[in-house]
Every structure is written in C-alpha cells, then in structure tokens.
Amino acid sequence: MKFIFSYVKKYRVMVAFGMLIKLSAALAELLLPYVLEHLIDDVAPLQKTGPVLAWGAVMLILVVYVRQANVKANRTAVGVAKRSIYEIRRDLFWKSVNLSGGQLDAFGLPSLNSRMTSDSYNLQSFIQSSQTMGIRAPILLFGGIAITLTMDLGLASILCIMAPVLITAVVYVSMRGIPLYEKVQKSVDDIVRIMRENITGIRVVKALSKEDYEMGRFEDANREMANRDIKAGIVMALPGPIMTFMLNIGLTIVVIVGAYRVNGGITQPGVILAFLTYFNMILMGVMGLNRIFMLMSKANASANRIAAVVNSEEELQPVSAEEAAETEREGYIVFDHVTFSYGKHPEAAETEEALEEDAAMARFDGLERQKCLEEIDFTVKKGGSLGIIGATGCGKTTVINLLMRFYDADEGHIFIDGRDVRTYDKDELHRLFGVVFQNDVIFADSLKENISFGREVGTEEMRRAAGDAMAREFIESYEDTYDHRAVVRGANLSGGQRQRVLIARALAAAPQILVLDDSSSALDYKTDAALRKAIREHHADTTTIIIAQRISSIMGLDDIIMLEEGKVIGHGTHEELLRDCAMYQEIYRTQMGG
C-alpha cells in the first residue's frame, strides 16, 4: 500500500475534499431513517398537515443533497484515480524501457505487459473505490450502530454482538485473498505470453496447421487462470452470504423482539421501521467493507508487482574515471579478452522473494551460469569494418549487446574511442550507434516516422538514407511516398522492404558505428551488393559491424571473426580465413560452390 500512497499523496487536497463531501453525504443518509422515525412517532400523531409537510421537505432536501454530494465525491475520486494511475503507468513504462538486458530477462516481456494493463487497472479500481466506499461503508456501519443505540438499547445490542464478528470475518478472509490474487496475476502473465507468441507468429501457426495445438496451450493456461480466479473469488465471496445470513437472522430477531416491545408499549412503531432501515444500511456498510478489502487484496498484489519494476535500481550506471579500465591498444572499438555468461540474474532473485514464485522469474531457478562468450578479443579501427559469422546461437548478437552495454561483461573490458564503455551515459553511448537488430520492429506509423524515429532528421537526410538502404525506389513509388503508413510490425511490407526501411533508420542520423545484425537475409544478392557498396562509398567514416549468415555479405570487409560456441575459431580477412579456418572454408564451399 505504501507504493500506492506515494502517488496518491500529492492529491491529498482533492482526496480530502472528496472524502469530506462523501462523509457529509453518508451522515445525511444516516439522518433519513431518524427523521422518518420522528415523523411517524412524534409528528404524525399531532394530526397537523404543516409539520408533516415540513418534515417531509426536510427528508426531500436530505435525499437531494445525498445524491448531489455523492455525484461530486465520485467525480473527484475518479479524477484522483485517473491522475494517479497515469503517473504510475508513465513511471512503469519509463522504467521498463530503461531496464538492463538482465533485468528485462528476469521480469519477462509478458509479465511487463500484464503489469502495465491488468495490474494497473486493479490499482485504479482500488484508488477510486477507497475514496468512495472507503468512507461511506464504515460510516453506515458504525454510524448506524451508534444511532440505534440512542433509539433502543435493547434492540441495538443485537447489532453490537454481530458487527465485530462480521468485521473480523471480512478482515481475515481478505488477508487470505492477497496471495491468491498474486497467483491469479501470474497466470495472466502466462496467458499474455502465449497470446503474444501466437499473434507474432500467426503465419507460422497457420502455415504448419497448428491452430488446434496452440489452442490447447492457450486453454491450459486459461483454465489455470480461471481455476485460480475462481478459488480467489470463492474465498473473497464467502463473507457476503455469511454476513447476509447473519444480518437477516438479526433482522428477524429485531422484528420479533420489536413486535413484543411495541405491543408492550416499550418501543414505538417508528423505531422498528427505523431499525429495519438501519439494518439494511449496516448490511450495505459491511458489504462495502468486504468489497474494499477484496479490491485491496487485488491492489496489494498488483502494487507489489508494479513496485518491483518501478523501484528496481538502475543497474548499468556509468562508472567513474577512477573505476574505469584503461587500454593501450589502438583501435576505435576494442574487445579485450571478454567473457560473458547468461544465467540467474540478481534482480530475479530479489523479485522472486518479493513476489513468491513469479512465473516470469521462475524460469531462472536452478540455472547455472553458462558461458556464452569466452575470451573474445579483437579491435576495429575508426572507419573500419568487421564481419561476424557463425552458427545460430554461437554468440554473434551477444557481442553487440555487450558493445552497446545492454549487459556488462563478466571478465575483460570493452572500449570505444579509447573509453571504457561503462563510463558512457547510456544515451551518450547509444547515440553513437545506428543499429538493425535481428527481428527488428516496424512501428504502425508512416515510413517517414519509422525512418526518422523522433530524431532531428531532415527530408534530404532521410531521402539520402533511404537511397543508401536501397529503399527510396519502392518508397517513392507509393502515391503518398514517405507518408505511406506501415501497419503493425510492417505486415503490409515484404521482408526485403522491411529490412531496407530498418537499414534506412539506422543510417538516417549519420551514426559513428553502424551495426547490421543479419539485416540483409531477405535481400537478393544484387540488392545486398548495392547496399554494401553504398555504405562503403557514402559512409566511409562510419565504423561498421555486420553480422551475417552469408559469406557474400562480409567477404569484402576489413576483418572477419568466425565464432563457434562463443569462441573465436578464426580471425582475419576473407582470404586468410579461406586459407586457415576449416569451418569458414566449409561454409564458403556450401554457399559459393567454390
């Protein structure tokens, strides 16, 4: 709850104003049965029209005020909830896009999606309801009991016996519900993950006729979530019928005892009518408290999950010059005996402890750290070029992840322009790069926005980048040219067109380092050759790193490294690797027929 209050407290004036109005409305609502009792027992026996109309007008005024005050208080509560959840979602999004690679692996993309959607919705519902029912319910409950004590102590004692039992039951069940709702939210993560995988890979699913198989996977996850949700719902719903049953028993006792007391002249009829009304109010108060505790249980589980992301420390902070490594090796980019392992991440352990069996973290349980890269050592000169080739999973992309400091190396150091990459601010470091990653994303926006991507890129620079990427011809063939809109993930573009738009994006801001990670796999050999020629001629001062599966894409580069299982097994020019590296020779013979 502390996390939620940290956002709501800045609106404490609005909250206080809304709750004060809600308090006055609840008190006015409590007066209605009291006025009705006075009207029946004290005013009506006078048999005068004037006093009856006057007290009737009082009741009407109270009803109108209760209605208007509740509307105003509810609007204020909605405003506070919307403002608070806007800031929570903003901070969650900002933190999510700034997580390190290890933290992102630990939380998992599906879990981050569900925290942004269903978890934040749970918080919004609680913030709103706690300002409305959180005031009205206890006022109706305790206020109703207090007023009945002044009206008839004997009848009110029935309520005094039952109320503590009911409140204790609500609190106990609510505390039991918190861990159950945490499990429900983890099941939501699984459903989001499966939906995301299937929506992204829908063509593969259709092509392999695996709709039934994927439907089975989804049904299993959906059934698990439904079972957990039902279990949590049953537990949280238990107080409702129990309270209704007990209060109805109390109501019956009040009617029977009240009838005897009226018949004996001890109590007046108006008091019994007022008691019945107050009983209903007390019932509403207890049910309101039950709902508040249920929402609180959901919100507490969701707040813990969101806070785990928002409050996570920024992991890859720049190090000071005193802590930084130094190198005497020449080269614009230097990898100095770098070793790196994927595996259990410290953030995951902390989050698992806080969230108890988080499914997104649990996949790290028991994993030993396995070396992904071992003793990677190379240099690239300013304006030079490096090709990286190797089998799938050999660590090619990991080299780029370390170069851009999405992760820190376990051993060894990485330098750019003579500086340890750890000394760069992340924005300063990333501005040096133009990158096309494997499976990179085309956004649902115009091609112009996809290429400029929020950067200060003029029209000429954009057209030049599109030309170098071999994309200008097909873009300018559209009637609306660069304003042509791409759909989600660029589904209305061919594979080659998507790759060329992505390369144009990488080139548009004239980067100092250009990284192309398997970005020409969908291009024909002629277009690929023209692309490489344009980069050599028009970006001669740009240091280029190309990761490729095709030797033809890298054979003209200054230097090439051959990776196998995270180790460099060949390093040199194309001719040197053909002479000295058996694996490179085999790939060359397979692809080039030589």
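Conventions we followed
- Residues numbered from 1 in each chain as written.
- Predicted model: local features only at pLDDT ≥ 70, side-chain atom pairs only at ≥ 80, totals over all residues.
- Heavy atoms only, no water.
- Phe/Tyr/Trp six-rings, centres within 6.5 Å; stacked < 30°, edge-to-face > 60°.
- Lys NZ or Arg CZ within 6 Å of the ring centre and 35° of its normal.
- Salt bridge = Lys/Arg side-chain N within 4 Å of Asp/Glu carboxyl O.
- Helix = DSSP H or I, 4+ residues; strand = E, 2+ residues; numbered from the N terminus.
- Buried < 20%, exposed > 50% of the residue type's maximum accessible area, 1.4 Å probe, protein only.
- Pairing = 2+ DSSP bridges.
- Right-handed = clockwise from strand over helix to strand, strands pointing away.
- Axes fitted to C-alpha atoms, helices over the stretch in contact; angles between N-to-C directions.
- Parallel < 35°, antiparallel > 145°, perpendicular 65-115°, else oblique.
- Left-handed = near helix turned anticlockwise from the far one by under 90°.
- Contact = heavy atoms within 4.5 Å.
- Nonpolar A, V, L, I, M, F, W, Y, C, P; charged D, E, K, R; others polar.
- Core = buried A, V, L, I, M, F, W, Y, C linked by side-chain atoms within 4.5 Å.

Student: How should the packing of aromatic side chains be read in this particular structure?
Tutor: Tallying each qualifying case throughout the model produces 8 aromatic pairs. Relative to Y478, the ring of F474 lies with its centre 6.2 Å away and its plane at 85 degrees, an arrangement referred to as edge-to-face. Aromatic ring contacts, followed pair by pair, group F340, Y342 and Y407 into a single cluster. Above the plane of the ring of F453 lies R505, whose end atom (NZ or CZ) is 5.0 Å from the centre.

Student: Any chance you could explain the pattern of salt bridges here in plain terms?
Tutor: When the charged atoms of two side chains lie near each other, side chains of opposite charge can form a pair. In this structure the tally under the stated criterion is 18 salt bridges. Between R485 and D445 there is a salt bridge, and its shortest N-O distance comes to 3.6 Å. On the criterion of sequence distance, the pair formed by R485 in the loop between α17 (472-475) and α18 (495-508) and D445 in the loop between β6 (433-436) and α15 (447-452) is long-range, its members being 40 residues apart. As a salt-bridge pair, R550 and D528 come within 3.1 Å of each other at their nearest N and O atoms. Taken together, the positions of R550 in the loop between β8 (543-547) and β9 (559-564) and D528 in helix α19 (residues 525-538) put the pair 22 residues apart, joining distant regions of the chain.

Student: Got a minute to help me understand the pairing of strand β7 (residues 513-517) in this structure?
Tutor: A regular strand places its side chains on the two faces of the sheet in alternate fashion. Burial of β7 is extensive: 5 of the 5 residues sit out of reach of the surface. Every second residue of β7 is oriented toward a common face, with I513, V515 and D517 on one face and L514 and L516 on the other, all of them buried. When β6 meets β7, the two strands line up parallel, connected through 4 bridges. Paired with V435 across the two strands is V515, which belongs to β7. Note that β7 and β8 share 5 bridges and pair parallel. Bridging across to β8, I513 finds its partner in T543. Viewed along the sheet, the connection from β7 through α19 into β8 turns out right-handed.

Student: I would appreciate a short explanation of the packing of helix α3 (residues 49-97) against helix α10 (residues 269-310) in the present structure.
Tutor: Two quantities define a packed helix pair, namely the angle between the axes and the distance from one axis to the other. Taken N-terminus to C-terminus, the directions of α3 and α10 make an angle of 45 degrees; their axes are 9 Å apart at the nearest point. Judged by the angle between their axes, α3 and α10 are oblique. For the crossing formed where α3 meets α10, the hand is left-handed. Contacts from I88, D91, L92, K95 and S96 in α3 reach I306, V309 and V310 in α10. When its residues are assigned to classes, the contact of α3 with α10 shows 5 nonpolar, 1 polar and 2 charged.

Student: Would you explain the nonpolar core in this entry?
Tutor: As a rule of thumb, nonpolar side chains are buried together in soluble globular proteins. If you look at the biggest cluster of nonpolar residues, it comprises 41 residues, and the most contacted ones within it are I389, I451, I475 and Y584. Looking at this core, the elements with two or more residues in it are α15, α16 (459-468), α17, α18, β7, α19, β9 and α21 (582-592). The contact partners of I475, leaving out residues within four places of it in the chain, are L447, I451, A466, T481 and Y482.

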